[in-house]
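One letter stands for each residue in the lines below.
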Amino acid sequence: MNATHAHHDGNLRDDLRLILSRRRALALGAAGVLLAGCDGWPFGGEANAQATAADGSTCIKLPREMAGPFPANGTNARAGATVNVLDQAGIIRADMRSSFGEYSDVAEGVPLALELRLADVGNACRPLAGHLIYLWQCDAAGSYSLYERTASNNLRGAAVADAEGIARMMTIFPGCYPGRWPHIHLEVFASPEQAAAGKGSLLISQLAFARPDCDAVYAAHPAYAGSTAALAELSPGSDVIFRNNSAEQLAAQTLVLRGDPAQGYAAAGTIGIIA
């Protein structure tokens, strides 16, 4: 792994202090419990939980995953200062490709329009209207804002689900870096107010992408130079996060895309939660 990615969540053991949020560490208990999960990790290996809606459609609970080295959700620090974008004006928006507040840069890459349905697996896939989903990801080169790119906060954004439980966000297709399958991080809160206060977090998980979509994007756009080589060494089964999930859970985490690299993609997925 090169120096640029020395602190990415591909090297999770070295980053446990940063990765494990304080409120989740308290919930899990002592340090011995933290290291007792599948393959030595406290995440993954959850039993499938699925429900059927009145229209016959199904939803499956997404597994709880690590937030990564720098979620910027108020649970960790950079240079000794706690960083929280969830209480900043502008974080709730429709397009997270640009930075907001004091920053103004725009992320380059293939456009990706997300449509995510938030559903309560514990209540027949009931739409979770009014819930907030916070999304963050790396750029086309595989780096994160407020972490490696310290003068940027792009590719972080929050959206509030409508009456049908749908949250929408415009972003870019993420790059691939050594050790991690291409992914987008997410955290769901019961309301915008609870998100800003750091309360009511219902789920931290990650969304994945199918290899054919990754291959097509990385071959077509120069901003993703290097992603092809990183992807060639990986599979969802070798990824340190996704490898502990069942086939059904991984399928639920994998976004369904329509489009092409030239025009961009529309992506759909269901975020199953036990609310």
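Above this note sits the structure.
Keep in mind that this is a model prediction, so the values were computed, not measured. (Residues numbered from 1 in each chain as written. Predicted model: local features only at pLDDT ≥ 70, side-chain atom pairs only at ≥ 80, totals over all residues. Heavy atoms only, no water.)

### Observations concerning the nonpolar core
Part 1 of the reasoning: Of all hydrophobic cores here, the largest spans 48 residues; its most connected members are L114, I133, L135, F173, L186, Y224 and I271.
Part 2 of the reasoning: Broken down by secondary-structure element, the contributors of at least two residues to this core are β5 (111-120), β7 (132-136), β9 (166-172), β10 (183-189), β11 (201-208), α5 (211-220), α6 (227-232) and β13 (264-273).
Part 3 of the reasoning: Excluding residues within four positions of it along the chain, L186 makes contact with L62, I133, Y134, L135, W136, L203, I204, S205, Q206, L207 and I271.
Part 4 of the reasoning: With 21 residues, the next largest nonpolar core counts A67, A72, I91 and F100 among its residues. (Core = buried A, V, L, I, M, F, W, Y, C linked by side-chain atoms within 4.5 Å. Buried < 20%, exposed > 50% of the residue type's maximum accessible area, 1.4 Å probe, protein only. Helix = DSSP H or I, 4+ residues; strand = E, 2+ residues; numbered from the N terminus. Contact = heavy atoms within 4.5 Å.)

### Topic: the pattern of salt bridges
Part 1 of the reasoning: Counted under the stated rule, the structure contains 7 salt bridges.
Part 2 of the reasoning: Measuring nitrogen to oxygen at the nearest pair gives 2.7 Å for the salt bridge that ties R97 to D95.
Part 3 of the reasoning: Classification of R97 as partly exposed rests on a relative accessible area of 23%.
Part 4 of the reasoning: In the salt-bridge network here, residues are joined through shared partners; they are E115, D162 and R168. (Salt bridge = Lys/Arg side-chain N within 4 Å of Asp/Glu carboxyl O.)

### A few points about the side chain of K61
Part 1 of the reasoning: On the secondary structure map, K61 appears in the loop between β2 (58-60) and β3 (73-78).
Part 2 of the reasoning: Looking at K61, its side chain comes within polar contact range of the side chain of E46, at 3.2 Å.
Part 3 of the reasoning: Dropping the residues within four chain positions of it, K61 is found in contact with E46, A49, V121, L203, Q249, G272 and I274. (Polar contact = N/O pair within 3.5 Å; in protein donor to acceptor, adjacent residues only side chain to side chain.)

### So, α5
Part 1 of the reasoning: All of the buried residues in α5 are D213, C214, V217 and Y218. Projection of α5 onto a plane perpendicular to its axis shows the buried side chains occupying an angular sector of 120 degrees, all on one side. Relative to its buried face, α5 has exposed residues pointing more than 90 degrees away, namely P212 and A219.
Part 2 of the reasoning: Where α5 is buried, its residues meet α6, β12 (256-260) and β13. (Arc of directions from axis to C-beta.)

### Side note on the sheet that holds β7
Part 1 of the reasoning: Taken in spatial order, the 4 strands make up an open sheet running β8-β7-β10-β11, and their pairing is antiparallel. The open sheet terminates on both sides in strands that have one partner only, identified here as β8 (156-160) and β11. Neighbouring strand axes in the sheet, compared pairwise and without regard to direction, differ in orientation by 20 degrees on average.
Part 2 of the reasoning: Direction of pairing for β7 relative to β8: antiparallel, over a ladder of 5 bridges. Pairing of L135 across the sheet is with G157, part of β8. (Pairing = 2+ DSSP bridges. Axes fitted to C-alpha atoms, helices over the stretch in contact; angles between N-to-C directions.)

Geometric descriptors of this kind do not, in isolation, establish any biological role.
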